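# Reading the structure
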Amino acid sequence: DAMVIQNPRYQVTQFGKPVTLSCSQTLNHNVMYWYQQKSSQAPKLLFHYYDKDFNNEADTPDNFQSRRPNTSFCFLDIRSPGLGDAAMYLCATSREIPGRNEQFFGPGTRLTVL
Amino acid sequence: GIQVEQSPPDLILQEGANSTLRCNFSDSVNNLQWFHQNPWGQLINLFYIPSGTKQNGRLSATTVATERYSLLYISSSQTTDSGVYFCAVEFGNEKLTFGTGTRLTIIP
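All values derive from a computational prediction rather than experimental measurement. (Residues numbered from 1 in each chain as written. Chains lettered and ligands numbered in written order. Predicted model: local features only at pLDDT ≥ 70, side-chain atom pairs only at ≥ 80, totals over all residues. Heavy atoms only, no water.)

## Digging into the overall build of chain A
Inclusion rule: Labels follow the DSSP assignment, with helices taken as runs of H or I lasting at least four residues and strands as runs of E lasting at least two, numbered in each case from the N terminus. When we talk radius of gyration, it's over C-alpha atoms, and the globule rule is simply 2.2 Å times the number of residues to the 0.38.
A tally of regular secondary structure across chain A gives zero helices and eleven strands. Listing each helix as α and each strand as β along chain A from the N terminus yields β-β-β-β-β-β-β-β-β-β-β. Here chain A has a C-alpha radius of gyration of 14 Å; the compact-globule value for 114 residues is 13 Å, and the two agree. Its C-alpha atoms put chain A at 40 × 30 × 30 Å along the principal axes.

## Let's talk about the pattern of salt bridges
Residue and element names in this part refer to chain A. Filter applied, for reference: Each reported salt bridge corresponds to a side-chain nitrogen of Lys or Arg within 4 Å of a carboxyl oxygen of Asp or Glu. Each residue gets one of three labels from its accessible area relative to the maximum for its type: buried under 20%, exposed over 50%, partly exposed in between, using a 1.4 Å probe on protein chains only.
Summed over the entire model, instances satisfying the criterion amount to four salt bridges over all chains. A salt bridge links Arg67 to Asp77; the shortest N-O distance between them is 2.7 Å. One end of the pair, Arg67, is in strand E7 (residues 64–67); the other, Asp77, is in strand E8 (residues 73–78), and ten residues separate them in sequence. For Arg67, a relative accessible area of 38% puts it in the partly exposed group.

## Overview of the packing of aromatic side chains
All names here are of chain A. Which entries qualify depends on this criterion: Only Phe, Tyr and Trp rings are paired, with Trp represented by its six-membered ring, and only when their centres lie within 6.5 Å; those with planes under 30 degrees apart are stacked, over 60 edge-to-face, the remainder tilted.
For the structure shown, the criterion picks out eleven aromatic pairs over all chains. On the numbers, 5.3 Å between centres and 45 degrees between planes, the contact of Tyr35 with Phe105 is tilted. Taken together, the residues Tyr35 in strand E4 (residues 31–37) and Phe105 in strand E10 (residues 104–105) connect sequence positions 70 residues apart. Summarising the aromatic geometry, the rings of Phe47 and Phe54 are spaced 5.4 Å apart at their centres and angled 50 degrees between planes, so their arrangement reads as tilted.

## Looking at the side chain of Thr93 of chain A
For clarity, the cut-off: The definition of a polar contact used here is a pair of N or O atoms within 3.5 Å, where within protein one atom must be able to donate a hydrogen and the other to accept one, and adjacent residues in sequence count solely through side-chain atom pairs.
Considering the arrangement of structural elements, one finds Thr93 of chain A in strand E9 (residues 87–94). Polar side-chain contacts of Thr93 of chain A include one of 2.9 Å to the side chain of His29 of chain A.

## Some details on the state of the cysteines
All names here are of chain B. For the record, the criterion: We call a pair of cysteine sulfur atoms a disulfide when they lie within 2.5 Å.
Applying the stated criterion across every chain, the model contains two disulfides over all chains. Linked covalently through their sulfurs, Cys23 and Cys87 form a disulfide whose S-S length is 2.0 Å. Given an S-S torsion of about 65 degrees, the disulfide between Cys23 and Cys87 has right-handed geometry. Here Cys23 is found in strand E3 (residues 19–25), whereas its partner Cys87 is found in strand E9 (residues 83–90), with 64 residues between them in sequence. Residue Cys23 is classed as buried on the basis of its relative accessible area, which comes to 0%.

## Let's talk about the interface of chain B and chain A
Spelled out, the test is: In this description, contact between two residues means that some pair of their heavy atoms is separated by no more than 4.5 Å. As a working definition, buried area equals the accessible area (1.4 Å probe) given up by two parts on being put together, with both sides summed.
Contact with chain B, which involves 18 residues of that partner, is made by 21 residues of chain A. Summed over both partners, the interface of chain B with chain A buries about 1500 Å², with 50% contributed by carbon and sulfur atoms. In this structure, the connection of chain B to chain A is made through one salt bridge. Across the pair Glu57 of chain A and Lys95 of chain B runs a salt bridge, and its minimum N-O distance is 3.1 Å. The tally of links between chain B and chain A comes to six residue pairs in polar contact (both at pLDDT 80 or more). Counting only elements with at least two residues in the side of chain B that touches chain A, the list comes to strand E4 (31–37), strand E5 (43–48), E9 and strand E10 (96–98) of chain B. Take the side of chain B that touches chain A: its biggest share by element is four residues, from E4 of chain B.

Here you go:
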């Protein structure tokens, strides 16, 4: 089945220790998104790639970076995680069709910062 | 800014009951999706419904775009329906904006 895959599902890191989360997709969608979701809140968009074009949200901290080496894979790098970065990180994809932009989500990576 | 509000914020029902969840939005939309976030955190697509009515098994949804609201109906609730239900809307070329969510708890 075509899907969005995230690894790992659970990640524990130490304060200040860089961490990388990964997302892959078999849907062949051209747009990939990273969201951050804190407890009892709605998902918040961090950035997205339209093909290889990177689009950063204005309020995304510089501590968060992303890479998309090819259509199928996208990575989220947190350079120096703080306690406030503990959250669920959700990857999503869509095929940009004019008038229709349905997003599909992966299972998420739950990040704990000690 | 863009406003997406969901009601009720919390809903507790007995298994077998029916429920209606509401999503109000402040501007015309070109994309509206309903999601179910299960207890493990995964967002599952329920409906892509910028306008009209759709049904999928025990679930159905209606969006009245001219009046800026959408409804999600769940009939004959099961315990596996528990979780948080989000609507999310897209205005023009803006990003997908999530509503505040409705937490549904189904009691056996």
